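Notes for the structure review
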Amino acid sequence: MYLQGEVEETGTKADKLEKNVKDVGLDPMQEGTLSDWPLEFERQQRAIIELWQTCNVSLIHRTYFFLPFRGDPMDSIYMEVELRRLSFLKETFSQGNQAVEDGRTLPLASSIRALRRERQKLSKLMHKRLSEEERNRLFQKWGIEMDSKRRRLQLAQRLWSNATDMNHIVESAAIVAKLIKFVAQGKALKEMFGLSFTPQHSSRRRSYGWKHSMGSLL
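Let me sum up the structure you'll find in this document.

Parameters and conventions
- Every chain is numbered independently, its residues counted from 1 as its sequence is written.
- Owing to the predicted nature of the model, reporting of local features is limited to residues with pLDDT of at least 70; listing and counting of side-chain atom pairs is limited to 80 or more, with chain, interface and lining totals taken over all residues.
- The side-chain values count all of the structure's non-hydrogen atoms but skip hydrogen atoms and water molecules.
- Axes here mean lines fitted to C-alpha atoms, for a helix over just the part in contact, with angles spanning 0 to 180 degrees between N-to-C directions.
- Helix numbers and strand numbers start at the N terminus; a helix is a DSSP run of H or I with at least 4 residues, a strand a run of E with at least 2.
- The cut-offs work like this: below 35 degrees is roughly parallel, past 145 is roughly antiparallel, 65 to 115 is roughly perpendicular, and the gaps in between are oblique.
- Pairs of residues are marked as contacts when any of their non-hydrogen atoms sit within 4.5 Å.
- Three categories are distinguished: nonpolar for Ala, Val, Leu, Ile, Met, Phe, Trp, Tyr, Cys and Pro, charged for Asp, Glu, Lys and Arg, and polar for the others, with Gly belonging to the last.
- Residues enter a nonpolar core if they are buried and are Ala, Val, Leu, Ile, Met, Phe, Trp, Tyr or Cys, with the set joined through side-chain atoms within 4.5 Å.
- Whether a residue is buried, partly exposed or exposed follows from its accessible area with a 1.4 Å probe, protein chains only, as a fraction of its type maximum: under 20%, in between, or over 50%, in that order.
- Any Lys or Arg side-chain nitrogen found within 4 Å of a carboxyl oxygen on Asp or Glu counts as a salt bridge.

Focus: the packing of helix 2 (residues 37–54) against helix 3 (residues 59–66)
The geometry of helix 2 relative to helix 3 is characterised by a closest axis approach of 11 Å and an angle of 170° between their N-to-C directions. Between helix 2 and helix 3, the crossing angle belongs to the class labelled roughly antiparallel. Contact residues: helix 2 offers Gln45, Ile48, Ile49, Trp52 and Gln53, while helix 3 offers His61, Arg62, Phe65 and Phe66. For the contact of helix 2 with helix 3, the class distribution of residues is 5 nonpolar, 3 polar and 1 charged.

Notes on unusual backbone geometry
Backbone geometry places Asn56, a non-glycine residue, at a positive phi of 55°. Among the structural elements, Asn56 can be located in the loop between helix 2 and helix 3. One non-glycine residue with positive phi stands out, namely Lys181, at about 55°. One can find Lys181 in the loop between helix 8 (166–179) and helix 9 (187–194).

What about the nonpolar core?
Within the largest apolar cluster, 44 residues are counted, with the highest numbers of intra-cluster contacts made by Trp52, Phe66, Leu155, Leu159 and Trp160. Residue assignment for this core shows that the elements contributing at least two residues are helix 2, helix 3, helix 4 (75–94), helix 5 (108–129), helix 6 (132–141), helix 7 (151–158) and helix 8. Tallying contributions element by element places helix 4 first for this core, with 7 residues. The residues contacting Trp160, other than those within four sequence positions of it, are Trp52, Gln53, Leu59, Arg62, Thr63, Phe66, Arg119, His168, Ile169, Ser172, Ala173 and Val176.

With respect to the pattern of salt bridges
The full count for this structure, using the stated rule, is 6 salt bridges. For Arg43, the salt bridge is made with Glu40, and the minimal N-O distance between the two is 2.7 Å. You can see Arg43 and its partner Glu40 sitting in helix 2, 3 residues apart, about one turn around the helix. Taking relative accessible area as the criterion, Arg43 reaches 46% and is therefore assigned partly exposed. Since its relative accessible area comes to 26%, Glu40 is described here as partly exposed. Note that Glu171 is salt-bridged to Lys141, the shortest N-O span being 3.4 Å.

Structure representation (structure tokens):
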């Protein structure tokens, strides 16, 4: 009975998210057919990746979002919302204004500094989560000289740095996932992204979750 209750609650959350998205006209599957979706998914995925780069979005957020979404038609809800959120963020920054995320003011300079700090933290995690053999193999694969200094930081700075090479994106996501001990959890994980687009009390839960996940890495 307990497991059944959890399943029903999860289904209810997904239904509510889908209803909220449709209510504000963000249901892209109404605009095309299922046969069009694979190509549309690829287009939206590439657009999102480029916007992540432009807006200096957290590498952990990118990894959390990139890995579970594999082109299921139901992913269209989350893809469209993320795309519109990032487009708004880009427009806000391009006008020299400050964006607001989870109740926090976010100027462009702050997002750049935050991304730099995140890369530094990921470089430190390489010593904890990767063996020396694994690190050396990655250094060689990513073109980092073995006798150069700060090799871990060099690698961290290269992760998610090429928004047009999908192989680079896949490999970057795999490395970040290993560093943060991330395991894709399907529907339950996807719903984390839905929380920020439902009523505000849910977005506060999401905000805490992201901060907590990053803080627990160190």
